[in-house]
Amino acid sequence: MEEERELTFSDILRIFKRRKWTFLIIFFLTIFLTAFYLFFMATPKYEAKQVIEYKSSSSQPTVSLGAAANVLGISQPADSGLTTEIERMKADWVLANVVKELNLVEKSNENKGLIARLRGTEVTERDLIDSLKEGINIQNVQDTNMIEISYQSSDPGLAASVVSLVYSYYTDYAKNLYFEDSQSYLNQVETLFEDISQQYDQINKEVLDFQTKNKLLASSSTSSQTFDSLISYYSETYMNILKLDADKNQLEIRKQAIEDNIFKLSPETKEFILTNTEKDTPVKDIKSKLVSDNIELETLKLNSPSSPRIGALEAEITVLEDELENNLEAIFSNDLNFLASIDMETFNEYTGIITQLQLFDVTKQVYENMLQVIDDEIAKSSPILYEYFLLKQQQTILQARYNTLLAALEQERMKASLYDNKFKVINSAYIPENPVSPNTTLTLAIGGVLAIFLGILGVFVKEAQDKTVKDQYEFESLFRVPDIILNDSNDAEKIVNYVYKKDFKKFGLLFLGNFSVAQNLSQRIYNILNTIKPYKTEYYTSIENEDYKEKFEKFEKFKNTNEAFIVFDNFNNGDYILYRDDLEKIIIFIEEKTTNLEDIKEILKKEKDPTVVYVKKKR
């Protein structure tokens, strides 16, 4: 008899056939609860949307200020990117105004739930701002400049109002920020412009006074034209030097970033990067060869310690180790070699920066030398002309700064006067008519899947909790084939036929099930036997808590009777122990869906050769 067995597919089908009502009840109950929740309990959510398009640069005129703007310390307001603008739409100022306009604080406190009322919880403006931040969804439509603003609420009108107001207050917020930054920039430029303007006026006066004093007004003469061209060339060259310095600073920053990221690494980290980079390097190849040689060497030492190959491998490993060390020293001694070994793209960028910086130095040196040449040339011609040249030089430089600042002022004032929103509305928010959640189809589908799962779980839980014998197949698979099978509890003829054929004089009936069934079946057996042999067969019944004197008197009578049978309802009671040895045969009745499996196991262990009768339940 097997204690445990694996379930086959046919076993599972039989389980579901037995427990079909359990499965169906759980399945339809789950579907009913899902539908009840969906149609009577779930709060529908409506989603309002607004689609806007981001104009990457505002339609305001722009003026290039050149490198002189950097030299003068002018910092124009930067054009904030799309990500920044999206975050601004969720700014506290924007959402606070939405909360105030829709009167959400008062409405929320008036419509509080029962628990919140009992606890005395008050909804604050901060709570609603945080709630809106979490609820409002602002995302970029893939591969476009489109932005979708959406919000869900049980009130479709509120959802549409929130979306519309968020965008409306954002435009005010963005405009205020722009003008604040613009005014700050204008104040900075105006202050600098005022100072440069005074200096420029002063140098113009000095140049004019010097010309008048030294009679240098003949601007049409050839010498004067040559002098003016030298002044113009000097000014242009001077401004080019300033531009070179600004560009050089940017290159130096990038060069320093590469050096910080790559060159300032420990030797261990450099070796790890070098040997694990996707690019094949001599170090990587040597290290790989060392690994394979060492594996081969250790394998030979283990399996063929006398192999001549061991010496050759040891020598080869020594050479490879020296080669690896030399390669690492060669690469680490020069940062550029290391960079070229691990990242050729960055190496090319870095060498290009170095080359450009060198060219800048050469060009700057050429410019400075030319300035010195012009300075010396004019100084040799005449002390008066040289002094005049210095004045003109200052005048030209101040004029360039003056023009730069004037252009910056005009540009910013023009931008402010022609301010344009960075977004344009593609689809305005409207009140949604149909809810987006709960999704009826999806919810019912999930409920159906859950119903199937719970139904299956319920079937197996019910099966596991049921310790009775479920059907004949289970009994036979766990124990053995029954000697007699009764189609119902009234089928006494098979028992009588069996007793008559075996000619049992004294036998016992042990019922592992419902005692009312035992009484009915025993009585029918007795009636049939007495029909065959009138008044020859005695019928005894085991009675619990029977008087001991009556118990033993009944037992003695049973012993002295030629033909008799006794009925037991429990194999653990004292009567069963008392009568068992005087019985020719014990007939055990197993009642389908009633008899406990553990009782069957126990009685079959105790009884060597019982007759097993399997009693089926009526369908």
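Our structure's up above, just so we're on the same page.
Residues numbered from 1 in each chain as written. Predicted model: local features only at pLDDT ≥ 70, side-chain atom pairs only at ≥ 80, totals over all residues. Heavy atoms only, no water.

Right, let's get into the overall build of the protein chain. Broken down by element type, the protein chain carries 23 helices and 10 strands. Taking all 619 residues of the protein chain together, 36% fall into the buried category. Of the contacts formed within the protein chain by residues at least 6 apart in sequence, a portion of 79% connects residues at least 24 apart. Total accessible area computed for the protein chain in this model is approximately 36100 Å², and 53% of it derives from carbon and sulfur atoms. (Helix = DSSP H or I, 4+ residues; strand = E, 2+ residues; numbered from the N terminus. Buried < 20%, exposed > 50% of the residue type's maximum accessible area, 1.4 Å probe, protein only. Contact = heavy atoms within 4.5 Å. Areas by Shrake-Rupley, 256 points an atom, 1.4 Å probe, with all protein chains shown as cover.)

Pairing in this open sheet of 4 strands is antiparallel, and the strands run β2-β3-β1-β4 from one edge to the other. Of all strands in the sheet, those with a lone pairing partner are β2 (137–140) and β4 (423–427), marking the two edges. With direction set aside, neighbouring strand axes in the sheet form an average angle of 30°. Where strand β1 (residues 46–54) meets β4, 4 bridges bridge the pair, whose relative direction is antiparallel. Note that in β4 the partner of I52 across the bridge is V425. In the packing of helix α9 (residues 156–213) onto the sheet, the strands contacted are β1, β3 (146–153) and β4, and the crossing angle to β1 comes to about 25°. (Pairing = 2+ DSSP bridges. Axes fitted to C-alpha atoms, helices over the stretch in contact; angles between N-to-C directions.)

A separate point is empty space enclosed by the protein. Rolled over the atoms, a probe with the dimensions of a water molecule shows which regions are left empty. Under the criterion given, the structure shown has 1 cavity of 30 Å³ or more. Considering only enclosed or pocket space, the largest cavity measures out at about 120 Å³ in volume. Of all elements in the fold, only α19 (493–502), α20 (515–532) and β8 (563–568) reach the threshold of two or more residues within the lining of the largest cavity. Split into classes, the residues belonging to the lining of the largest cavity amount to 7 nonpolar, 1 polar and 4 charged. (1 Å grid on protein atoms, 1.4 Å probe; cavity = no way out; pocket = protein on both sides within 12 Å on 5 of 7 lines; lining within 4 Å. Points joined across faces, edges and corners; volume = space filled by probe spheres on them. Nonpolar A, V, L, I, M, F, W, Y, C, P; charged D, E, K, R; others polar.)

Attention now goes to the environment of K533. Along the chain, the position of K533 falls in the loop between α20 and β7 (537–541). The contacts of K533, once residues within four sequence positions are left out, are Y500, K505 and E563.

Checked against the element boundaries, S153 lands in strand β3. Reaching out from S153, the side chain makes a polar contact with the backbone nitrogen of D155 at a distance of 3.1 Å. When near neighbours in sequence (up to four residues on either side) are disregarded, S153 contacts P44, K45, Y46, L158 and A159. (Polar contact = N/O pair within 3.5 Å; in protein donor to acceptor, adjacent residues only side chain to side chain.)

What follows deals with the sheet that holds strand β10 (residues 611–615). Within the open sheet, the 6 strands sit side by side as β5-β10-β9-β6-β8-β7. Their pairing is parallel. Lying at the two open borders of the sheet, with one neighbouring strand each, are β5 (484–486) and β7. Direction aside, neighbouring strands of the sheet carry axes that sit 20° apart on average. Sitting on the sheet, α19 touches β5, β6 (506–512), β9 (585–591) and β10, and the angle it makes with β5 is about 155°.

The next point concerns the nonpolar core. Ranked by size, the top nonpolar core spans 33 residues in total, and within it L132, I136, I149 and F423 carry the most contacts. If you list the elements that add at least two residues to this core, you get β1, α4 (82–88), α5 (92–101), α8 (125–135), β3 and α9. Looking at which element gives the most residues to this core, the answer is α9, with 10 residues. When sequence neighbours within four positions are dropped, the list of residues in contact with I136 reads K90, L95, I149, S150, Y151, V162 and V166. (Core = buried A, V, L, I, M, F, W, Y, C linked by side-chain atoms within 4.5 Å.)

What follows is about the packing of helix α1 (residues 9–18) against helix α17 (residues 440–465). Direction vectors running N to C along α1 and α17 enclose 90°, while the axes themselves pass 10 Å from each other. Of the possible angle classes, the one that applies to α1 and α17 is roughly perpendicular. Where α1 approaches α17, its residues I12, I15, F16 and R18 are matched on the opposing element by I456, V459, F460 and E463. For the contact of α1 with α17, the residue count by class is 6 nonpolar, no polar and 2 charged. (Parallel < 35°, antiparallel > 145°, perpendicular 65-115°, else oblique.)

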